[in-house]
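# Structural overview
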Amino acid sequence: MSSWMVNVVAGLFVLLSLTGLFFFVLTRGALLVRGFSSTQNSAKSHVYPLYSDMWLIKLVDFQPIISAILLFQYSTLVSKIVAGLGATSLKNKKVLITSCAFGNVIPRVVDAAVQSGAEQVLIADIIRNELDHAEGKLGQYAAKVAFVEDNATAMTQQEGCADANVIFFLLHELPHDLKDKALREAGRMLATGGKLYLAEFHRPDVAILRLLSWTYFKVFEPFGLALWDTHDPVKCLNELGGWSCERQTYFFGNFQVITATKL
Ligand SMILES: C[S@@+](CC[C@H](N)C(=O)[O-])C[C@H]1O[C@@H](n2cnc3c(N)ncnc32)[C@H](O)[C@@H]1O
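Residues numbered from 1 in each chain as written. Predicted model: local features only at pLDDT ≥ 70, side-chain atom pairs only at ≥ 80, totals over all residues.

### Here's the deal with the environment of tryptophan 55
Take tryptophan 55: it is sitting in helix H3 (residues 54-60). Sequence-wise, tryptophan 55 and asparagine 129 are 74 residues apart; in three dimensions their C-alpha atoms are separated by 9.7 Å. (Helix = DSSP H or I, 4+ residues; strand = E, 2+ residues; numbered from the N terminus.)

### A short note on the nonpolar core
Within the largest apolar cluster, 58 residues are counted, with the highest numbers of intra-cluster contacts made by Ile81, Ile106, Val109, Ala113, Val121 and Ile123. In terms of residues, this core owes the most to one element, helix H6 (residues 105-115), which gives seven residues. Other than its neighbours up to four places away in sequence, alanine 113 contacts Leu85, Leu90, Val95, Ala118, Val121 and Ala164. If you look at the next biggest cluster of nonpolar residues, it comprises five residues, including Tyr48, Tyr51, Ile57 and Ile126. (Core = buried A, V, L, I, M, F, W, Y, C linked by C-beta atoms within 7 Å. Buried ≥ 20, exposed ≤ 12 C-beta atoms within 10 Å, placed from the backbone. Contact = placed C-beta atoms within 7 Å.)

### What to know about the sheet that holds strand S7 (residues 255-262)
With respect to topology, seven strands assemble into an open sheet ordered S3-S2-S1-S4-S5-S7-S6, the strand pairing being mixed. Edge positions in the sheet fall to strand S3 (145-149) and strand S6 (243-250), since each of these pairs with one other strand and no more. Between one strand and the next, the sheet's axes are offset by a mean angle of 15°, whatever the strand orientation. In terms of strand pairing, strand S2 (residues 120-125) meets S3 through five bridges, oriented parallel. When the bridges of S3 are listed, valine 121 appears paired with valine 145. Against the sheet, helix H10 (residues 233-240) makes contact with strand S5 (190-201), S6 and S7, and its axis sits at roughly 175° relative to S6, the strand it touches most. (Pairing = 2+ DSSP bridges. Axes fitted to C-alpha atoms, helices over the stretch in contact; angles between N-to-C directions.)

### A few points about unusual backbone geometry
Of note, the phi angle at phenylalanine 169 is positive, near 55°, even though the residue is not glycine. Within the chain, phenylalanine 251 stands out as a residue other than glycine whose phi angle is a positive 50°. Residue position: phenylalanine 251 is located in the loop between S6 and S7.

### Side note on the domain arrangement of the protein chain
Taken domain by domain, the protein chain comprises domain 1 (1-41) and domain 2 (46-262). Relative to domain 2, the C-alpha centre of domain 1 lies at a distance of 26 Å. Domain 1 puts six residues into the contact, and the matching count from domain 2 is eight residues. Of all the elements in the fold, those that place two or more residues in the side of domain 1 that touches domain 2 are helix H1 (3-26) and helix H2 (28-35). Looking at the side of domain 1 that touches domain 2, the element that brings in the most residues is H1, giving three residues. Taken together, the residues that form the side of domain 1 that touches domain 2 break down as four nonpolar, one polar and one charged. (Domains from an automatic or database assignment. Nonpolar A, V, L, I, M, F, W, Y, C, P; charged D, E, K, R; others polar.)

### As for the pairing of strand S1 (residues 94-98)
In terms of burial, S1 is a largely internal element, five of the five residues being buried. Of the two faces of S1, the one carrying Lys94, Leu96 and Thr98 and the one carrying Val95 and Ile97 are both buried. Looking at chain direction, S1 and S2 are connected through five bridges and run parallel. Within the sheet, the bridge partner assigned to isoleucine 97 lies in S2 and is isoleucine 123.

### Things to note about the pairing of S2
Across a regular strand the side chains alternate sides, sitting on one face of the sheet and then on the other. Summarising burial for S2: five of the six residues are buried, a large majority. Once the chain exits S1 it traverses H6 before rejoining the sheet at S2, and the crossover so formed is right-handed. For the handedness criterion, the β-α-β arrangement of S2, helix H7 (residues 128-135) and S3 is classed as right-handed. (Right-handed = clockwise from strand over helix to strand, strands pointing away.)

Below is the structure:
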């Protein structure tokens, strides 16, 4: 190998390592440190600093970075949710987005909801800075959108207030007992016949992807692996009862979008 190739490979290795370290410090590393401090019992103690500090939110929230983290499936996953909203009449109805997310999912979901006639889109997040950041992406829809500081695992909105509820990659970040609570609350917020759109990681079909994915969860997001088995969202929703679930998987089974109708 020529010396310039060695330099390129070494440069890429250093860049990837530093990126990994950066995300580790702001995700799992922070949770480990918090585990030793007195703040560990607050309702927000599972939330990574990546979602709390405005400058970090702004630093990371770039579509190419976010798409790369989801192995360039981001747009496809959002499109599935958008298609579901587009196929539903939401005239004079309310749509809930439970927790913010990076990238363009929120503007795309809000646009789809408004196009389908929704009277209001309510965006709920436990972190004020996330809501403020989301608001900055939604200028043209300002009249139709409301922002509330609320906890997905103990919602304070009126029961049955929404006809669609979108939860984008929240469950894998919640401790297991909170995953169950979030699903129960997602149902409580929906009117009968309303739809829950849940995008998440899923157990990959291919061994090599399973190994990479397992390593990713072990290092960065320890609450995520349970989605493969004990806390498979479809299994949990069926155990809760009162749901009809459809699941579509993507990229060799690595991701899923669940459309669950409240019966
Ligand atoms: C949906 S998840 C992350 C999704 C994905 N990693 C991304 O951003 O593309 C992150 C969001 O969930 C919010 N969040 C975490 N726990 C929450 C809870 N219990 N209730 C409401 N929002 C919560 C965080 O504040 C953050 O805005």
